[in-house]
Amino acid sequence: MRLDKYICSCGSISRRDVKKLIKQGLVTVNGTVCKKADEQIAEDSVVAVGRESLVYRKYVYFMLNKPSGYVSAVYDKKYPVVTELVGEAYAHFEVFPVGRLDIDTEGLLMLTNDGVFTHEMTSPRKNVYKRYFAVLDKPMEEHDIAEFAKGMEFKDFIAKSAKLEITDNPREVYIEIAEGKFHQVKRMCERVGKTVIYLKRVAVGGVFLDAGLSPGEFREMTEDELCILGYKSENIR
């Protein structure tokens with residue numbers, strides 16, 4: 001592995017800044033100063049910047065507060081994509097969204113470069129529930145709770161049992177689903193005669209969106225959050 005790529009994988013330093021540090025003689029590999037950014041090193045090398053030893057990371061896991069207007073993809077010809085919101089310092093990880101949110105839906109979207117994690121979070125067989133907050137054009141009624149609970153059959157899929165919670169304002173509800181199919185929450189609400197006018201995902205599998213993240217902001221997920229999701233990354237020591 002190239003030295004500059006190794007250092008980038010240890011933190012949030014852009015490759016441009018890493019090359020400057022290397023040229024300045026501030027980087028050591030196994031105790032020896034190295035001034036070549038393209039120097040090939042082993043993943044178990046002891047690399048330090050100044051007096052700080054680095055820890056190599058192969059995978060990263062981000063929590064993003066997705067804003068409206070962004071597509072849950074790594075590329076789109078027409079619209080901006082969520083991976084554009086990840087700064088230059090993390091670009092080398094080449095992250096992708098874990099599942100998807102509709103372009104007009106806001107809220108919790110995880111980004112990673114770990115394909116196994118993505119499968120664990122998105123496979124219908126895993127039953128990882130997603131929790132949404134929805135504002136409707138008309139109020140939900142008590143009998144709608146039973147309609148969601150028994151599941152719904154559509155032409156392209158059968159929605160599993162879902163949980164509908166009606167707040168003090170019956171036009172504002174929380175909905176938990178397992179599958180996350182295209183427009184699923186909106187289609188389930190339409191089935192009971194309501195139209196979603198605002199939708200935000202607030203939690204996935206017991207991990208809630210960080211209230212400190214404004215739309216478009218992201219942060220790395222914590223070890224505790226990954227554990228709540230039942231996932232053990234090789235990055236967790």
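What you are looking at is a predicted structure, and each value in this text was computed from that prediction instead of being measured. (Residues numbered from 1 in each chain as written. Predicted model: local features only at pLDDT ≥ 70, side-chain atom pairs only at ≥ 80, totals over all residues. Heavy atoms only, no water.)

**Student:** What is the right way to look at the pairing of strand β8 (residues 130–136) in this model?
**Tutor:** As a general feature of sheets, a regular strand has side chains that alternate between the two faces. A large share of β8 lies buried, amounting to seven of its seven residues. Burial along β8 is two-sided: the face carrying Lys-130, Tyr-132, Ala-134 and Leu-136 and the face carrying Arg-131, Phe-133 and Val-135 are both buried. In terms of strand pairing, β8 meets strand β12 (residues 172–177) through six bridges, oriented antiparallel. By the bridge assignment for β12, Phe-133 is matched with Tyr-174. Pairing of β8 with strand β13 (residues 196–204), which is carried by seven bridges, proceeds in the antiparallel orientation. Looking across to β13, one finds that Arg-131 is bridged to Ala-203. (Buried < 20%, exposed > 50% of the residue type's maximum accessible area, 1.4 Å probe, protein only. Helix = DSSP H or I, 4+ residues; strand = E, 2+ residues; numbered from the N terminus. Pairing = 2+ DSSP bridges.)

**Student:** What exactly am I supposed to notice about the packing of aromatic side chains here?
**Tutor:** Two aromatic rings are characterised by how far apart their centres lie and by the angle between their planes. Tallied over the full model, the rule gives ten aromatic pairs. With a centroid separation of 5.1 Å and an interplanar angle of 65°, the aromatic rings of Phe-117 and Tyr-231 are classed as edge-to-face. Taken together, the residues Phe-117 in helix α3 (residues 115–122) and Tyr-231 in the segment after α6 (223–228) connect sequence positions 114 residues apart. For Phe-117, a relative accessible area of 0% gives the class buried. With a centroid separation of 5.3 Å and an interplanar angle of 50°, the aromatic rings of Phe-133 and Tyr-174 are classed as tilted. Placement of the pair is Phe-133 in strand β8 and Tyr-174 in strand β12, with a sequence separation of 41 residues. Given the relative accessible area of 17%, Phe-133 is considered buried. Each residue in the set Phe-62, Tyr-90, Phe-93 and Phe-218 is aromatic and connected to the rest through ring pairs, giving one cluster. Over the ring of Phe-154 we find Arg-187, and its NZ or CZ is 4.8 Å from the ring centre. Over the aromatic face of Phe-154 sits the side chain of Arg-191, whose NZ or CZ is 4.4 Å from the ring centroid. (Phe/Tyr/Trp six-rings, centres within 6.5 Å; stacked < 30°, edge-to-face > 60°. Lys NZ or Arg CZ within 6 Å of the ring centre and 35° of its normal.)

**Student:** Any chance you could explain the layout of surface pockets here in plain terms?
**Tutor:** One simple way to see leftover space: roll a probe sized like a water molecule over the atoms. The space that makes up the largest pocket amounts to roughly 290 Å³. Around the largest pocket, the lining is made up of 23 residues, and of these Arg-100, Tyr-132, Gly-180, Lys-181 and Arg-201 lie nearest the centre. When contributions to the lining of the largest pocket are tallied by element, the ones reaching two or more residues are α3, β8, α5 (184–191) and β13. For the lining of the largest pocket, the class distribution of residues is ten nonpolar, six polar and seven charged. (1 Å grid on protein atoms, 1.4 Å probe; cavity = no way out; pocket = protein on both sides within 12 Å on 5 of 7 lines; lining within 4 Å. Points joined across faces, edges and corners; volume = space filled by probe spheres on them. Nonpolar A, V, L, I, M, F, W, Y, C, P; charged D, E, K, R; others polar.)

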